[in-house]
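Each chain, letter by letter, is given below.
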2 protein chains.
Amino acid sequence: MKRFPALALAAMTAVGVIGSLPVASGHAESEASPIYGVTIPPGYRQWELVGVAHEAGLGELRGVLGNAAAMTAYRAGTLPFPDGTILAKLAWKHVPSSEIDGAFVPGAATTVQIMVKDSKKYPATGGWGFGRFIDGKPVDEAQHQTCFACHQANVKGHDFVFTRYAR
Amino acid sequence: MKRFPALALAAMTAVGVIGSLPVASGHAESEASPIYGVTIPPGYRQWELVGVAHEAGLGELRGVLGNAAAMTAYRAGTLPFPDGTILAKLAWKHVPSSEIDGAFVPGAATTVQIMVKDSKKYPATGGWGFGRFIDGKPVDEAQHQTCFACHQANVKGHDFVFTRYAR
């Protein structure tokens, strides 16, 4: 019988433990988005907070999380964001708290929106690939055609990224 | 001349690197709060996101972060939260985005509010110690006397914690 070296066993155990962590989320992993081929990155719910937002027009609360490359760039003020940057915007319905007057809290999850910086892969869209997901499934191609146009029209001067780091 | 072992040098280097990370924040480390002696925990801005909120009555957006003990308890649904749990609520002014209509984003930082679970130290307040800080300085004792009363009146059934994990 073949035996695993101790290091391999330790690594397998570590993977097993990580794999079984109860990081439950309404935002599951996903198929790739049309046009861009962006997927929901594993473990994104454990990334650090960039900022929050209230999209009153859509009746949503948002939290934007960033991977390590994103957070390093935000904190250093680096623009454009480097290749490897990934941002994840989590959106929920903006619902009144049942526990205290005047407060609104996250209701049901609505979308997860991902931006991936890869200047070689996405030269025509400022180096960004986009993915918009509902229940872990990408929305249709027509919706994905609107992503870059809006980012380009409004936040070209901030490397096409709306969210700032909330200090 | 005494020489440091390699491991100690490596540890010192690591501490030096961590100490110099540009984790700038409007929420600096702090003196201890009155009544409870709670301080702003180092590194809290890098903790994971529990949830977000819009305090319309106060004109604020909020992001609540949790340390590792908090996140493990939230994901497992553990109540009461274990000793060692720390929650950090970051609050900013709720200001309209200058870049897109209908969106509100974080303005200036207003308060940082900390809850620390230590059932031995805080038996009279559900095991929780509270700290409310403006620009890294704790607010006065009168304000700290209101913390537990409100949490007790509204969320006793959720171990005195308002914020739920946003999935």
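Residues numbered from 1 in each chain as written. Chains lettered and ligands numbered in written order. Predicted model: local features only at pLDDT ≥ 70, side-chain atom pairs only at ≥ 80, totals over all residues.

Compared with the 21 Å implied by 1.5 Å per residue over 15 residues, the 22 Å span of helix α3 (residues 141-155) of chain B between its first and last C-alpha is a close match. For α3(B), the secondary structure elements touched by its buried residues are β5 (128-134) of chain B. (Helix = DSSP H or I, 4+ residues; strand = E, 2+ residues; numbered from the N terminus. Expected span 1.5 Å × (residues − 1). Contact = placed C-beta atoms within 7 Å.)

All names here are of chain A. One can find Phe-133 in strand β5 (residues 128-134). Overall, the presence of 23 C-beta atoms within 10 Å leaves Phe-133 in the buried class. Taking the C-alpha atoms as reference points, Phe-133 and Glu-99, separated by 34 residues in sequence, lie 30 Å from one another. (Buried ≥ 20, exposed ≤ 12 C-beta atoms within 10 Å, placed from the backbone.)

This brings us to the interface of chain A and chain B. With 36 residues of chain A at the contact, the number on the chain B side is 36 residues. Sorting the residues of the side of chain A that touches chain B by element identifies β1 (48-55), β2 (60-66), α2 (68-76), β3 (86-96), β4 (103-117) and α3 (141-155) of chain A as the ones contributing at least two each. The dominant element in the side of chain A that touches chain B, judged by the number of residues it contributes, is β1(A), at 7 residues. Of the strand pairs in this sheet, β1(A) and strand β4 (residues 103-117) of chain B are connected by 2 bridges, and their pairing is antiparallel. Paired with Glu55(A) across the strands is Ala103(B), a residue of β4(B). (Pairing = 2+ DSSP bridges.)

All names here are of chain B. For β5, the buried fraction is high: 6 of the 7 residues fall into the buried class. Across 6 bridges, the pairing between β4 and β5 is antiparallel. By the bridge assignment for β5, Val-112 is matched with Phe-133. Two elements, β5 and strand β6 (residues 137-138), share 2 bridges in a ladder whose sense is antiparallel. Looking at the pairing, Ile-134 lines up with Lys-137 of β6. In this antiparallel pair of consecutive strands, β5 and β6, the connection spans 2 residues, and Asp-135 shows a positive phi of 50 degrees.

Before going further, it helps to examine the relation of the copies chain A and chain B. Of the transformation placing chain A onto chain B, the axial shift is 0.0 Å and the rotation is 180 degrees, giving an RMSD of 0.0 Å. What we have between these two chains is a two-fold relation. Within chain A, Glu48(A) has its C-alpha nearest the rotation axis, a separation of 2.7 Å. Interface residue correspondence from chain A to chain B reaches 100%, placing this contact among same-surface, isologous pairings. (Least-squares fit on C-alpha atoms with pLDDT ≥ 70 in both.)

Residues spaced three or four apart along an α-helix point in a common direction, a consequence of the helix completing one turn every 3.6 residues. Residues and elements named next belong to chain A. The complete set of buried residues in α3 reads Cys-147, Phe-148 and His-151. Seen end-on, α3 carries its buried residues on one side only, within an arc spanning 70 degrees. Summarising the geometry of α3, the exposed residues directed more than 90 degrees from the buried face are Ala-142, Gln-145, Thr-146, Ala-149, Cys-150 and Ala-153. Those residues of α3 hidden inside the fold are in contact with β5. (Arc of directions from axis to C-beta.)

Geometric descriptors of this kind do not, in isolation, establish any biological role.
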